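Here is how the chains run, residue by residue.
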Amino acid sequence: MQLHEAVKKNKLGLNRLLSAIFISILIFSIYNRTLSLGFDIRFLVFPFFISSLILAVLVKVKFGDWVVPTRAVLLTLLLTLIVIQDQIAWQFSDLDKNTTVYKNVIILYIYNFLIAIYFLLNKKYLNDKVLINSVLLSSFFLSLSCLYQAITGDLPFVSIGSSGEAFEDKLSLLGVRPSGYAHDPNYTSLLMVFSIYIIVNIKKTIFNRALLLVCLLTLFASGSKTVLLISALLLIRLMFIKLKIKVIFNIGFIAFILFGAVIAFSLFEHLSTFSQRLVMWRLALDGFYERPVLGYGITGVRSLLELSMRYVQPHNGWLAILVDHGVVLFTLIISGFTYMLFNTQKRANRYLIIIFCFLSISNEMWVYPYWILFLVVPFVYNLGEKRV
């Protein structure tokens, strides 16, 4: 009996150790994905992930823990449906498939889904402090890289194929929009939102308050208009809730959204980047109308756009899902988001979902693992327990 307990303790200890190492490297690589030290640091994640996943499964089998979380089952079913739909869609497609890009994206889809499933399967053995400290360190490093980039206009140790430059923007807090090692200013803004979410839900210390200011500075400097707009609206909504005037606010909020959408559309239409996105969206929608049910398969929207322009993705995560996977899977995914939104009791977690959904309107978010932070981590760890 004592030997059995010792073996069990050793396996659980190894599981916790491996998961801690894996999550630390994973979080840092998500925040600073273009940092290169002679090799892509994301390659460090894979062996620790595979080892952690195998050990997590062995621990469940060894100790008869056969309970599989419902969310893990649903994610597995969704991935299976996506792969099946993808194979059928490409069989009937007349588009030229970019095989290299297709293989890379398929690998990323499966890899990200497996990581999300691992989080759910290994929930009871994950350490909150490891995640929190990893986010704090990673966000601080990313903020420093943004500041360095804004001052010098360049960034060292950037992986091949990535840009280290900050481009000018008069609306930005620093006069430029730095992205640091997150590769894109919009992704930097998104990551800073998640860091702020973590910081406001942990113990208030001098360091944490200082880091909160640093993250806020980076958020405004990186200058994602979508993130800043929706964050401001949610902050205003929070103030109205605190003042207990929900009904008046909800009516005004809907009116403001409708009016603001018309104004924003008319203003942004004159900007070259937004005009280019409108063209991409129209081309993607035209393709969707031709195959609304079956879709084109993974990366189909990229192949579609390559017929008419140089851009390889529509800069719209929702539109990419609609074109690639068709209206059936799109409806299934939307239903999942809606269920999560209306059944999440913690207001902070609902805000994360809303911000992610809004930013996905202007950026392709599904190929990258950012959705794991916003849609999986808050429901695995004991974060956001207090209502904010």
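Calculation criteria
Residues numbered from 1 in each chain as written. Predicted model: local features only at pLDDT ≥ 70, side-chain atom pairs only at ≥ 80, totals over all residues. Heavy atoms only, no water. Helix = DSSP H or I, 4+ residues; strand = E, 2+ residues; numbered from the N terminus. Buried < 20%, exposed > 50% of the residue type's maximum accessible area, 1.4 Å probe, protein only. Contact = heavy atoms within 4.5 Å. Areas by Shrake-Rupley, 256 points an atom, 1.4 Å probe, with all protein chains shown as cover. Phe/Tyr/Trp six-rings, centres within 6.5 Å; stacked < 30°, edge-to-face > 60°. pLDDT = per-residue confidence, 0-100. Patch = residues over 30% accessible without salt bridge, like charges linked within 9 Å, V, L, I, M, F, W, Y side chains within 5 Å. Salt bridge = Lys/Arg side-chain N within 4 Å of Asp/Glu carboxyl O. Axes fitted to C-alpha atoms, helices over the stretch in contact; angles between N-to-C directions. Parallel < 35°, antiparallel > 145°, perpendicular 65-115°, else oblique. Left-handed = near helix turned anticlockwise from the far one by under 90°. Nonpolar A, V, L, I, M, F, W, Y, C, P; charged D, E, K, R; others polar. Core = buried A, V, L, I, M, F, W, Y, C linked by side-chain atoms within 4.5 Å.

Colleague: Lay out the overall build of the protein chain with the relevant residues and their values.
Modeller: What the protein chain contains, in helices and strands, is 15 helices and two strands. Split into buried and exposed, the 388 residues of the protein chain put 49% on the buried side. Counting only contacts in the protein chain whose residues sit at least 6 apart along the sequence, the fraction spanning at least 24 positions is 75%. When the accessible surface of the protein chain is split by element, carbon and sulfur atoms take 69% of a total near 20000 Å².

Colleague: Requested: an account of the packing of aromatic side chains, with residues and values cited.
Modeller: What the rule picks out here adds up to 20 aromatic pairs. Ring geometry for Phe-28 against Phe-141: centres 5.2 Å apart, planes inclined by 55°, an arrangement best described as tilted. With Phe-28 in helix H1 (residues 2-31) and Phe-141 in helix H5 (residues 128-152), this pair connects stretches of sequence that are 113 residues apart. Plain terms: the ring middles of Phe-113 and Trp-371 are 5.3 Å apart, the flat faces sit at 55° to each other, and that makes the pair tilted. In this pair, Phe-113 is assigned in helix H4 (residues 99-121) and Trp-371 in helix H14 (residues 370-375), connecting sequence segments 258 residues apart.

Colleague: Could you give me a rundown of the confidence of the model for the protein chain, with the residues and numbers involved?
Modeller: Looking at the protein chain, pLDDT values average 80 and 79% of them are 70 or higher. Least confident of the elements in the protein chain is helix H9 (residues 246-268), whose mean pLDDT is 52; most confident is H5, at 92. Confidence over residues 265-272 falls short of pLDDT 50; this stretch has nine contacts with residues more than four positions distant or in other chains.

Colleague: If you had to explain the environment of Val-68 to someone new, which residues and values would you point to?
Modeller: Along the chain, Val-68 turns up in the loop between helix H2 (42-62) and helix H3 (70-91). Of the residues examined, Val-68 reaches a relative accessible area of 42% and is grouped as partly exposed. Taking the C-alpha atoms as reference points, Val-68 and Leu-121, 53 residues apart in sequence, are found 6.6 Å from one another. Not counting residues within four places of it along the chain, the set of residues in contact with Val-68 comprises Val-73 and Leu-121.

Colleague: If you had to explain a nonpolar patch on the surface to someone new, which residues and values would you point to?
Modeller: Residues Leu-37, Phe-39, Leu-44 and Phe-157 make up a contiguous nonpolar surface patch of roughly 410 Å² in combined accessible area. Looking at the element boundaries, Leu-37 is found in the loop between H1 and H2.

Colleague: If you had to explain the packing of H3 against H4 to someone new, which residues and values would you point to?
Modeller: Running from N to C, H3 and H4 point in directions that differ by 165°, and their axes come no closer than 8 Å. Relative to H4, H3 is oriented roughly antiparallel. For the element pair H3 and H4, the recorded crossing hand is left-handed. Seen from H3, the contacting residues are Arg-71, Ala-72, Leu-75, Thr-76, Leu-78, Leu-79, Ile-82, Asp-86, Gln-87 and Trp-90; seen from H4, they are Tyr-102, Ile-106, Tyr-109, Ile-110, Phe-113, Ala-116, Ile-117, Leu-120 and Leu-121. Its residues placed into classes, the contact of H3 with H4 shows 15 nonpolar, two polar and two charged.

Colleague: Kindly report on the nonpolar core, identifying the contributing residues and their values.
Modeller: Counting 94 residues, the largest nonpolar core has Phe-119 and Phe-194 as the members making the most contacts within it. Per-element tally for this core: the top contributor is H4, with 12 residues. Among all residues touching Phe-119, those that are not within four sequence positions of it are Ile-23, Leu-26, Leu-126, Ile-372, Val-376, Val-377, Val-380 and Tyr-381. Judged by nonpolar contacts, the second largest core, of six residues, contains Phe-28, Leu-35, Ile-41 and Tyr-181.

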